[in-house]
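# Topology and contacts: notes
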Amino acid sequence: MGQSPRKEGQELLTAPFNTLQKHRDITLSRLQNFIAKCQFDDVNLQAALIKHRDQAAVKLEVSSVSDLQRIPFDQAIKGDFSPAKVGDKFGPTWSTHWFRVTIDIPASFKGEEVELIFDPTCEALVWSTDGEPLMGITGDNNIDRHVEYRLTKNATGKEHIELYIESACNGMFGAGVGGNGSIQPPENDRYFKLATAEIIVRNKVAWELLGDMEVLVAMIKELPKDSQASWDALSTANTIANVASYDDESSLVEAKKISAEFFAKRADVGFPQHVITAIGNCHIDTAWLWPYDETKRKAARSWATQCGLIEEYPEYVFAASQAQQFEWTEQLYPKLFERMKKHAKSDRFIPVGGTWVEMDCNMPSGEAMCRQFLYGQRYFEHKFGERSHVFWLPDTFGYSAQLPQIIHEADLRYFFTQKLSWNNINKFPHTTFNWTGLDGTSVLTHFSPADTYTAQASVRDVIFAVQNNKDKAYSNQSLLLYGNGDGGGGPLRAMLERLRRVRKLQGFPAVVEHGTPNSFYEKLEATSKDLTSWRGELYFELHRGTYTTHALIKKGNRKGELLLRQVEILGALASTTSGTGYTYEKPELDRLWKLLLLNQFHDVLPGSSIGMVYIDALKFYKDIQASGSKLSERAFEHLVKSGGAQIGTTAVNASAVFNPTSWARSGEIVEVDISSGAAAQAHSSFQQLSADKTKGLHIANDIPPYTLAAFDFTKDDHDDWFVPIIVNHSKDEVIVKNKFIEIKFDPLGRIRSFIDTLENRQVIAPGYLANTFKTFEDIPLFWDAWDIEVYHLEKGWDAQAGGEGLVVEEDGPLRVVLRVGLKVGKASKVVQRIIISATSPRVDFETWVDWRENRRVLKVEFPVNIDNDFATYETQFGFIRRPTHYNNSWDLARFEVCAHKFVDYSEHGYGVALLNDSKYGFAVHGNVIRMSVLRAPKAPDADCDIGEHTFRYALYPHKGSFAESNVVQAGYEFNVPLVISPTPVDLASFTPRQFFSIDKPNIVLDTIKIAEGPLSDTAKPALKTLVLRFYEAYGGRGVFKLTTSLPVASAVFCNVLEDSGSSVHTADVAIPLLGSEKTTIFAIGYAPFKIISIKIELE
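Residues numbered from 1 in each chain as written. Predicted model: local features only at pLDDT ≥ 70, side-chain atom pairs only at ≥ 80, totals over all residues. Heavy atoms only, no water.

### Observations regarding the packing of aromatic side chains
Here is the rule we go by: Put simply, two rings from Phe, Tyr or Trp (the six-membered ring, in Trp's case) pair if the centres are within 6.5 Å, and we call them stacked under 30 degrees between planes, edge-to-face over 60, tilted for the rest. Strands here mean DSSP runs of E at least two residues long; helices mean DSSP runs of H or I at least four residues long; both are numbered from the N terminus. Working rule: Lys NZ or Arg CZ, within 6 Å of ring centre, within 35 degrees of ring normal, means a charge sits over the ring.
The final tally for this structure, using the stated rule, is 57 aromatic pairs. Residues Phe-326 and Phe-380 carry aromatic rings whose centres are separated by 5.3 Å and whose planes lie at 90° to one another, so their mutual orientation is edge-to-face. Taken as a pair, Phe-326 in helix α7 (residues 323–332) and Phe-380 in helix α9 (residues 366–384) lie far apart in primary sequence, 54 residues in all. Members of the aromatic cluster, joined through ring pairs, are Trp-303, Tyr-316, Phe-318, Phe-326, Phe-337, Phe-349, Trp-356, Tyr-375, Tyr-379, Phe-380, Phe-384 and Tyr-482. Looking at Lys-298, its charged tip hangs above the ring of Trp-290, at a distance of 4.2 Å from the centre. The aromatic ring of Tyr-972 is capped on one face by Lys-901, whose charged end is 4.2 Å from the ring centroid.

### Details of the sheet that holds strand β23 (residues 654–659)
Stated formally: At least two DSSP bridges between two strands are required for those strands to pair. In this description, contact between two residues means that some pair of their heavy atoms is separated by no more than 4.5 Å. To get an axis, fit a line to the C-alpha atoms, keeping to the stretch in contact for a helix; angles then go from 0 to 180 degrees between the N-to-C directions.
The 4 strands are arranged β49-β23-β27-β50 in an open sheet whose pairing can be described as antiparallel. Here the strands that pair on one side only, and so sit at the sheet edges, are β49 (979–980) and β50 (993–994). Relative to β50, strand β27 (residues 707–712) runs antiparallel, the two sharing 2 bridges. Paired with Leu-708 across the two strands is Arg-993, which belongs to β50. Running at roughly 110° to β23, helix α16 (residues 611–642) makes contact with β23, β27 and β49 of the sheet.

### Considering helix α4 (residues 228–243)
Operational definition: Under the convention used throughout, the expected extent of a helix is 1.5 Å for every residue step, that is, one less than its residue count.
Helix length check: α4, at 16 residues, gives a terminal C-alpha distance of 22 Å against a target of 22 Å (1.5 Å per residue), a fit within 8%. If you follow the buried residues of α4, they end up packed against α1 (24–35), α3 (204–222) and α5 (249–265).

### Thoughts on the packing of α3 against helix α11 (residues 459–468)
Rules: Put simply, Ala, Val, Leu, Ile, Met, Phe, Trp, Tyr, Cys and Pro go in the nonpolar bin, Asp, Glu, Lys and Arg in the charged bin, and everything else, Gly too, in the polar bin.
Remark: α3 packs on α11, axes separated minimally by 9 Å, with the N-to-C direction vectors making an angle of 35°. Between α3 and α11, the residues in contact are Val-215, Ala-218, Met-219 and Glu-222 and Val-459, Arg-460 and Ile-463, respectively. Taken together, the residues of the contact of α3 with α11 break down into 5 nonpolar, no polar and 2 charged.

### Things to note about the state of the cysteines
The line we're drawing: Note on terminology: disulfide denotes any pair of cysteine sulfur atoms within 2.5 Å. Using a 1.4 Å probe on the protein chains alone, a residue whose accessible area is under 20% of its type maximum counts as buried, one over 50% counts as exposed, and one in between counts as partly exposed.
In the structure shown here, the tally under the stated rule is 0 disulfides. Not engaged in a disulfide, the cysteine Cys-370 finds its nearest cysteine sulfur in Cys-1054; these two sulfurs lie 10 Å apart. The closest cysteine sulfur to the non-disulfide-bonded Cys-898 is located on Cys-361, 11 Å from its own sulfur. For Cys-898, a relative accessible area of 6% corresponds to the buried category.

### Here we look at the sheet that holds strand β8 (residues 133–138)
Reading across from one edge, β3-β2-β5-β10-β7-β8 is the order of the 6 strands in this open sheet, with antiparallel pairing throughout. Edge positions in the sheet fall to β3 (82–84) and β8, since each has one partner strand and no second. Taking the axes of each pair of neighbouring strands and ignoring which way they run, one obtains an average angle of 30° across the sheet. Helix α6 (residues 292–312) contacts β5 (96–104), β7 (123–127), β8 and β10 (160–168) of the sheet and is inclined by roughly 105° relative to β8.

### Thoughts on the side chain of Thr-295
Here is the rule we go by: Polar contact is the term for a pair of N or O atoms within 3.5 Å; when the atoms are in protein, one must be able to donate a hydrogen and the other to accept it, and sequence-neighboring residues count only if both atoms are side-chain atoms.
Position of Thr-295 relative to the elements: it lies in helix α6. A polar contact of 3.0 Å, which involves the side chain of Thr-295, links it to the side chain of Trp-290. Beyond its immediate chain neighbours, meaning those up to four positions away, Thr-295 contacts Ile-284, Asp-285, Thr-286, Ala-287, Trp-290, Gln-325 and Trp-328.

### Things to note about the pairing of β23
In terms of burial, β23 is largely enclosed, as 6 of its 6 residues are buried. Neither face of β23 is exposed, since Ala-654, Ala-656 and Phe-658 on one face and Ser-655, Val-657 and Asn-659 on the opposite face are all buried. Inspection of the sheet shows β23 paired to β27 by 6 bridges, in the antiparallel sense. Residue pairing across strands places Ser-655 opposite Phe-711, the latter belonging to β27.

### Focus on the side chain of Arg-501
Position of Arg-501 relative to the elements: it lies in helix α12 (residues 493–502). The buried category is assigned to Arg-501, whose relative accessible area is 13%. At 2.9 Å, the side chain of Arg-501 and the side chain of Glu-497 are in polar contact. Once residues within four sequence positions are removed from consideration, Arg-501 is found in contact with Glu-208, Gly-211, Asp-212, Val-215 and Phe-263.

In structure tokens form, the structure reads like this:
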């Protein structure tokens, strides 16, 4: 450059220099060194940033909380405080230490803005003495560092200030071995050093100049090298470096004038080529590398900080999701919550997303997804006066094909994520598009082209977002989510300062605006044109192991979903009866639902959290099972009483039974407890007893859907059609034959032959063995608990004999039970009971595994005699077909996929379904159906899946293709048993009753619940109103008839939030139901995979 202006006391350079043109990269390196924390920071701009500092003005006392407790403020300030100092270490990991901080601002600081710098090298929260959270702290020297708290804008020099700081011994990303950001298991004995505790006065000119220089240097690096803006930035920055001296305040002022002139000249950009809406956020994983209880504090730390920034920067807009975290804040930090509500009223602190947590979208049931929105939207509407319109889910591991319809049903209009940018095989081709679901519902969708939700609001973020937007031909709008996240934190002042500088800057490819989620999508909707549609699931080409990792969590989820379903059905029907004294316990049911929904968070249910999280999660599932079972039993007992039954008298001879599914149940083998009571006296009446002699087996016949009935366990009513099952056992083979099938097993319990005798069809592929357990090496590229990679099937081992071989436990006439022991992997065991009844072609496999492996995956395989390009996998409220070949990279990428209760592989005229009670990871390739059973990753939970597991699966052959089959029914029946009274009833005093019937087998009545009450009293249900939720299961269209024996006053359609719609039409013809002559019939239209909800008002 040429000569700089001469300053007083400076000598003029003897000759001008102009090295810029020939040495651009060297100049750039010089400028980076000029602003960096580096070996030269005692003489560069960093040396000018602090005007005054005083450590002696800060007095510290500390009270350490015992037993890793997290105690409230009121209790903490009563602790035993003792002196502390900088350099002290505190721990161990997850412990809490409360500091009482006393500050006396010296007279020399008069007139200055004074800040406290407090760096505990971990996370902390600053509190006022009256118990208000003021600001979060993220210590240490990482990119998310935030350790300053402003004490006063204009000091008098006489202030005496007292604060409390709650220090949590974990980092932003927990405490994984290897340091911040590590996904390894926690280092449980880590101690954190109190690195800094002082007050400072910043040199404002130097800080503003630093902010300008950071943007200038970024423009040089990120804009095209031949662009005028890049060269202008280089020239200006170089001039500033020549003018500014760290020890000369006037030179800093002069340098700031130069940078200010640069930005002022470029503030008029004319017509914007591209518009980026910037929204601050601090994505907080509800649990991940830290437990739930730490998340409660992370939310307070993060949101207190953001409220402070909102009050400092009038343009700033911040969005936060997950109603659960809002509720925690409301309960634990009420003063902070009121502050948040105040800013929400002015559209500055935006509750967004509409769900209870940011859930996994692969494994939760359809109804559980509906409840995520029901509880989330109702909470936001109740507390903030409005619902969310944007489904906000930036970080989960794939998106179900039914989500567009559920989003629409939950009164949302738009969808945001960015996770598919992580795909490891194919790059997703769109940024802004219409996502169309199974039923044809579309939702306007935008993926942030910055490919992150934790952007730093940098020049690079803005430029990359424009370059990476794949739909610029159809829209000039992009969304930029910025702020430190995953562990919370959020935007920092430096980010907001950068956005001020680049908001409108000539030479930039975009204008940057602050806005709300709603304003962005409304503008996107209004200005975009000719958008592409993407139909079906948004499959995530990474983290496929999460369908299997932490099997006990998957099992707890499935069992919890089905139990709460049963509780609601029985409770709703019991509420319609009179004279039994039944009380519908809505508050307890809400509590259990919220626990279930909490555990569906996208790092908990997928199995990708630390071990501490699963201690809590399994406790929650245990709570759900214990309390839910009591609620179910109580409701069922009242329902049985409503039928006039005498329970538990000496004359009893029957069991009450309820069919909680949409189809008649017939030929099911049920177990009656004969260990005590009247049933024990009738034990000789049973055709067969269980192997341990504690259960009597009985065939339950002809139980209509949603019917309360009873069966006499002293009599058989199946003599006209029943054929006993038989078993033949030799040294090398066991043959089992019933009315439907003939199966041959080898000594390891593998199927050699499976003949469907009614169809004269071999089910198993010739020359293959089925029900084969195999272990495969399971070493991913990085994400241990998350990923199972495309190469994992290349290296594996078959199960070996272990134990006594294949033995016969029960030999008919109602069922045959075989038992076999196996050795799998290096040190694991399998014991399996193979159960075949006389009344079904289904073969059940009850399996126990003692799993002791290291980075191996256990699978079970069924090579079947079927050939088709596609297999059918159950998903929420429907199914999805996926290829069975690897024709292209998109097919190959789906080498492991998610399914719910069944996978079906069919061709014209015949098919085979694999049913399960708790598994989600599957693949059908060629003619082999594979189910992933257990994994053994070592991070972030070193003990993941180690231990004992039980689960069930079944092979179910059927006539016809999937569309012609009853596989959906079979999946329900395998997972949803008949509800049988544990106490026998007197059949003579019992009146059966059918509550509902449906005339179409493709229509599933999945949910019966009491309607929600008013928002003003969410614990009060609308007891006279039932909500019924149906779905079309096979992809058909038509009209079905719903018949009910309940006394109906009126019925309307509704959405999943239970907003009332149009009336439901009644049919003219009345059809009597079992136990009731008076019925109401509704005629309801349906379309493929449509979710249909109706509200029935009772008389």
